[in-house]
Amino acid sequence: QTLPLMTDSVPATDASSPAPAAPGDAAPAPAQAAQRPDGARRQGRGRPGRRAPGGNAAPAAAAPRPSRPQPPALLELAALYPRLFGEAPLPLKRGIFDDLMAAHPEQFEREALKLALGVHTRSTRYLQAVAAGQPRHDLQGQSVEPMAPEHVHHALWELYRRRQERGGDEWRAKIRTRMARAIDASGLTRDDYCARVHIRDAQAQALLDEALAELAAQHAREEALLHAFEASGQTVEAFADMYGMDPRTAERNLQRARQRKAG
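## Observations concerning the overall build of the chain
Moving on, step 1. Of the regular secondary structure elements, the chain holds 11 helices and 4 strands.
Moving on, step 2. Here the chain, with 263 residues, has 35% of them falling under the buried criterion.
Moving on, step 3. Put simply, 66% of the contacts in the chain that link residues at least 6 apart link residues at least 24 apart.
Moving on, step 4. Summed over all atoms, the accessible surface of the chain reaches about 15,800 Å², with 52% contributed by carbon and sulfur.

## Thoughts on the nonpolar core
Moving on, step 1. Among the nonpolar cores identified, the biggest contains 44 residues, and Leu77, Phe85, Leu100, Leu113 and Leu117 are the most heavily contacted of them.
Moving on, step 2. Contact partners of Leu113, with chain neighbours within four places excluded, come to Leu77, Phe97, Leu100, Met101 and Phe108.

## A few points about the confidence of the model for the chain
Moving on, step 1. Scored by pLDDT, the chain has a mean of 80; 73% of the residues are at 70 or more.
Moving on, step 2. The weakest mean pLDDT in the chain belongs to strand β1 (residues 34-35) at 39; the strongest belongs to strand β3 (residues 136-137) at 98.
Moving on, step 3. Confidence drops under a pLDDT of 50 for residues 1-59, and excluding neighbours within four residues, the segment shows 95 contacts in the predicted structure.

## A word on unusual backbone geometry
Moving on, step 1. A positive phi angle, near 50°, is found at His198, a position not held by glycine.
Moving on, step 2. Locating His198 in the fold gives a position in the loop between α8 (190-197) and α9 (202-232).

## Side note on the packing of aromatic side chains
Moving on, step 1. With the rule as written, the count across this model stands at 3 aromatic pairs.
Moving on, step 2. Centre to centre, the rings of Phe229 and Phe239 are 5.3 Å apart; their planes meet at 75°, and the pair counts as edge-to-face. Separated by 10 residues along the polypeptide, Phe229 in helix α9 and Phe239 in helix α10 (residues 236-242) bring together distant segments of the chain.
Moving on, step 3. Residue class for Phe239 comes out buried when judged on its relative accessible area of 0%.
Moving on, step 4. Here Phe239 and Tyr243 contribute two aromatic rings whose centre-to-centre distance is 4.7 Å and whose plane-to-plane angle is 45°, an arrangement assigned as tilted.
Moving on, step 5. Taken together through their ring pairs, the aromatic side chains of Phe229, Phe239 and Tyr243 make up a single cluster.

## Digging into the packing of helix α1 (residues 72-80) against helix α4 (residues 110-121)
Between two packed helices, both the angle of their axes relative to each other and the distance between the axes serve to describe the pair.
Moving on, step 1. Two elements in contact, α1 and α4, have axes separated by 8 Å at closest approach and are oriented at 75°. Our classification of the angle between α1 and α4 gives roughly perpendicular. In this structure, α1 uses Ala73, Leu74 and Leu77 to contact α4, whose residues at the interface are Ala112, Leu113, Ala116, Leu117, Val119 and His120.
Moving on, step 2. Looking at the contact of α1 with α4 residue by residue, the class counts come to 8 nonpolar, 1 polar and no charged.

## Describing the pattern of salt bridges
Moving on, step 1. Counted under the stated rule, the structure contains 16 salt bridges.
Moving on, step 2. The salt bridge involving Arg176 is made with Glu214; its shortest N-O contact spans 2.9 Å. Within this pair, whereas Arg176 is found in helix α7 (residues 172-186), its partner Glu214 is found in helix α9, the two being separated by 38 residues in sequence.
Moving on, step 3. Residue class for Arg176 comes out partly exposed when judged on its relative accessible area of 21%.

## Brief notes about the packing of α7 against α9
Moving on, step 1. For the pair α7 and α9, the least separation of the axes is 8 Å and the interaxial angle reads 65°. Taken as a pair, α7 and α9 cross one another with a handedness that is right-handed. Along its contact with α7, which presents Arg172, Ile175, Arg176, Thr177, Met179, Ala180, Ile183 and Asp184, the element α9 presents Ala206, Leu207, Leu208, Glu210, Ala211, Leu212, Glu214, Leu215, Gln218 and His219.
Moving on, step 2. Among the residues making up the contact of α7 with α9, the classes are represented as 10 nonpolar, 3 polar and 5 charged.

## Considering the environment of Ala257
Moving on, step 1. Inspection of the secondary structure puts Ala257 in helix α11 (residues 247-262).
Moving on, step 2. With relative accessibility at 2%, the residue Ala257 sits in the buried group.
Moving on, step 3. Ala257 has contacts with Glu222, Glu223 and Leu226, leaving out every residue within four places of it along the chain.

## Brief notes about the environment of Arg136
Moving on, step 1. Note that Arg136 resides in strand β3.
Moving on, step 2. Assessed through its relative accessible area of 1%, Arg136 is described here as buried.
Moving on, step 3. Remark: the alpha-carbon pair of Arg136 and Pro91, spanning 45 residues in sequence, is separated by 4.8 Å.
Moving on, step 4. There is a polar contact of 2.8 Å between the side chain of Arg136 and the side chain of His151.

Procedures and definitions
Residues numbered from 1 in each chain as written. Predicted model: local features only at pLDDT ≥ 70, side-chain atom pairs only at ≥ 80, totals over all residues. Heavy atoms only, no water. Helix = DSSP H or I, 4+ residues; strand = E, 2+ residues; numbered from the N terminus. Buried < 20%, exposed > 50% of the residue type's maximum accessible area, 1.4 Å probe, protein only. Contact = heavy atoms within 4.5 Å. Areas by Shrake-Rupley, 256 points an atom, 1.4 Å probe, with all protein chains shown as cover. Core = buried A, V, L, I, M, F, W, Y, C linked by side-chain atoms within 4.5 Å. pLDDT = per-residue confidence, 0-100. Phe/Tyr/Trp six-rings, centres within 6.5 Å; stacked < 30°, edge-to-face > 60°. Axes fitted to C-alpha atoms, helices over the stretch in contact; angles between N-to-C directions. Parallel < 35°, antiparallel > 145°, perpendicular 65-115°, else oblique. Nonpolar A, V, L, I, M, F, W, Y, C, P; charged D, E, K, R; others polar. Salt bridge = Lys/Arg side-chain N within 4 Å of Asp/Glu carboxyl O. Left-handed = near helix turned anticlockwise from the far one by under 90°. Polar contact = N/O pair within 3.5 Å; in protein donor to acceptor, adjacent residues only side chain to side chain.

Here it is in structure tokens:
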């Protein structure tokens, strides 16, 4: 399950992904050995590796692959709207494509702008902003609408999927906890939330189930804490001290449990 496109744009590759190496590129040839006046040969300074034990030369370190160039229109957008398209972009309002075309009718071709927006909204930087639950913004950088819970969820899943492809299994617990917080912040019931995210991928569903289980366990702990607090007859500070808790954390947990109990 991938993140739905946030704007009117065509499919594009992730701008943060490195470009593949060009076919036919070869490592530089080793420098030829210099001939000493006495006829002996010595190693040239230009050899790509050092002499390893046993007489075999160690291989040279692989050069990093170059970054994939960004569409020219995206570079123009970053210059015009650095808050929206810079290093730490803000989520874009729906319909931003039409707003950009109306604001710059002579500067952008429609297809070039669609391509640029597609690359941008699929970039890891943009997904991180969406996954954080930031609201959507207009061209003036003003917040205009909250981020939909399903878009937060799909951004979290896509970030996890990309990290998994790079061998980041240890990130699962972190993403699961962030999903649990996002579900809690949405205010939706379990059934309503699942209906909105429309998951059809088995792995994505498994991660969602884990997040829901973690959230249920958290709610159970908070409700048990509230029950113990109400039975104690103590102040929050004294109760927190008795359980070795920070008073502010205890108050937040108690308040969440009270809200659920009242709702």
